[in-house]
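# Architecture at a glance
Below are the chains, spelled out letter by letter.
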2 protein chains.
Amino acid sequence: MEHSLEFLGCTIRNLSEDDFRKGFNELMTVLDTEAQLDEEGFIEYCSNIRKMPDEYMHIVAEETLSGRIVASASVMIERKYLRTGGKVGHLEDLIVNPSFRKQGLGKKILDILITRAREKGCYKVIISAVHDSSEYFEKNGFKKKGLNMKILLTQ
Amino acid sequence: MEHSLEFLGCTIRNLSEDDFRKGFNELMTVLDTEAQLDEEGFIEYCSNIRKMPDEYMHIVAEETLSGRIVASASVMIERKYLRTGGKVGHLEDLIVNPSFRKQGLGKKILDILITRAREKGCYKVIISAVHDSSEYFEKNGFKKKGLNMKILLTQ
């Protein structure tokens, strides 16, 4: 998706440095109320992922009228040795502003990211579904495949 | 781990171009019996991950006496916006030659990768545990956290 796409009064496009001032951080606090990045950190994040277009895709939906960011998701692409050097898309942090839910915006973002992952050669896209989100992803074509596990690291 | 480390008659070190001729592919077929990479593809894989030392770590264990690769695992590091620009290590494809299991080699490799992920600033390491491996990872300090889900992509 080099170009933007209009959907339900929103522009869906790649994340941009301006989005911090368009409420990106406020949207993120729905997923994580803890400390977020400041604008400088956000711009560094944008810059880092832009340097790796074959590894990261991050898209957002901006409500056209208000100019506010109302949805966001990213895919990181893993290069494997297995599967003949296969690529796997890791879908991360899909979030839709609660006022914009149940209208297909999340599904649209999923579809766009899955299409882009396919174009980049991924043979699958995986997600770690927490917060009772598995039903949502099942409705959107994902199938359960094992457990996700984690170990927290102290610095 | 810039240097190698000796453990139970094995040298644990970063993946190297020579490893294709040391049985790396044969080890991988334990996880995936389908088509693997040829030597050229393997060298390209090595080259790609070496270009991204902040994103990929791939280590192997070589049995010192036989010069054969008997274990392998990798971690890919994801840069998040959340968690104040936090980093997450994705542990992938831990595999130990069946003849070398139950001696602590897998745990040693896990420990090395987790230590390196911490050094690179990760606040957690996650895995997708399939093939009844969750008990193994629980014994090694991982906790269950949601489901893994996938969608297969047709090209």
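Residues numbered from 1 in each chain as written. Chains lettered and ligands numbered in written order. Predicted model: local features only at pLDDT ≥ 70, side-chain atom pairs only at ≥ 80, totals over all residues. Heavy atoms only, no water.

### Looking at the overall build of chain A
Heads up, the condition is: Secondary structure elements are defined from DSSP: runs of H or I of at least 4 residues count as helices, runs of E of at least 2 residues count as strands, and each element is numbered from the N terminus. We take the radius of gyration over the C-alpha atoms and set the globule estimate at 2.2 Å times the residue count to the 0.38 power. Burial classes: relative accessible area under 20% of the type maximum marks a residue as buried, over 50% as exposed, and values in between as partly exposed (1.4 Å probe, protein chains only). Contacts were defined at the residue level, with two residues in contact if any of their heavy atoms lie within 4.5 Å. In short, Shrake-Rupley with a 1.4 Å probe defines the accessible areas, and a residue's cover is counted only from the protein chains shown.
Along its length, chain A carries five helices and seven strands. Expected size for 155 residues packed as a compact globule is a radius of gyration near 15 Å; at 16 Å, chain A falls within 12% of this value. Here the C-alpha coordinates of chain A stretch approximately 45 × 40 × 30 Å along the principal axes. Looking at chain A as a whole, 53% of its 155 residues are labelled buried. Contacts in chain A between residues at least 24 apart in sequence constitute 61% of all its contacts with a sequence separation of at least 6. Carbon and sulfur atoms provide 49% of the accessible area of chain A, an area that totals close to 7,600 Å².

### Considerations on helix α4 (residues 105-119) of chain B
All names here are of chain B. Convention followed: Each residue after the first adds 1.5 Å to the expected span of a helix.
Compared with an ideal rise of 1.5 Å per residue, which puts 15 residues at 21 Å, α4 spans 21 Å between its outermost C-alpha atoms and is within 8% of the ideal. Within α4, the full set of buried residues consists of L105, G106, I109, L110, I112, L113, I114, R116 and A117. Just past α4, the residue G121 takes up positive phi, approximately 95°.

### Some remarks on the side chain of A:R13
Residue and element names in this part refer to chain A. Which entries qualify depends on this criterion: Polar contact is defined as a pair of N or O atoms within 3.5 Å, subject to the rule that within protein one atom must be able to donate a hydrogen and the other to accept it, and that residues adjacent in sequence are counted only when both atoms are side-chain atoms.
Structurally, R13 can be placed in strand β2 (residues 10-14). Residue classification places R13 among the buried positions, given a relative accessible area of 15%. Within the structure, the side chain of R13 is placed 2.7 Å from the side chain of D19, a separation counted as a polar contact. Of note is the side chain of R13, whose polar atom sits 2.7 Å from the side chain of E62.

### Thoughts on the state of the cysteines
All names here are of chain B. The condition is simple: Here, two cysteine sulfur atoms that lie within 2.5 Å of each other are counted as a disulfide.
Evaluated as defined, the whole model comprises zero disulfides over all chains. The thiol of C46 is not disulfide-bonded; the next cysteine sulfur, from C10, is found 19 Å away. Owing to a relative accessible area of 2%, C46 belongs among the buried residues under this scheme.

### Focus: the pattern of salt bridges
Residues and elements named next belong to chain A. Put simply, the test is: Should a side-chain nitrogen of Lys or Arg be within 4 Å of a carboxyl oxygen of Asp or Glu, the pair is scored as a salt bridge.
Counted by the stated rule, this structure contains 22 salt bridges over all chains. The closest approach of N and O atoms between E62 and K22, which form a salt bridge, is 3.2 Å. Residue E62 is found in strand β3 (residues 56-63), and its partner K22 is found in the loop between β2 and α1 (24-28); the two are separated by 40 residues along the sequence. Linking K107 and D111 is a salt bridge whose minimum nitrogen-to-oxygen distance equals 3.6 Å. Remark: D111 and K107 occur in helix α4 (residues 105-119); sequence separation between them is four residues, near one turn of the helix. Under the relative-accessibility criterion, K107 is labelled partly exposed at 39%. Residue D111 is classed as partly exposed on the basis of its relative accessible area, which comes to 34%. Because the salt bridges share partners, they merge into one network encompassing R13, D19, K22 and E62.

### So, the relation of the copies chain B and chain A
To keep it simple, the criterion reads: The superposition of copies rests on a least-squares fit of C-alpha positions from residues with pLDDT of 70 or more in both.
By a simple turn and slide, chain B fits onto chain A: the slide is 0.0 Å along the axis, the RMSD is 0.0 Å, and the turn is 180°. Such values leave the two copies arranged in the relation of a two-fold axis. Looking at the rotation axis and the C-alpha trace of chain B, the residue lying nearest is B:L147, at 2.3 Å.

### Regarding the nonpolar core
Let me state the cut-off plainly: Residue types Ala, Val, Leu, Ile, Met, Phe, Trp, Tyr and Cys, when buried and joined through side-chain atoms within 4.5 Å, form a set referred to as a nonpolar core.
A:L15, A:F24, A:Y81, B:L15, B:F24 and B:Y81 are the most contacted members of the largest nonpolar core, which has 36 residues in total. Ignoring any residue separated from it by four or fewer positions in sequence, one finds A:F24 in contact with A:L15, A:D19, A:F42, A:H58, A:V60, A:I69, A:S72 and B:Y81.

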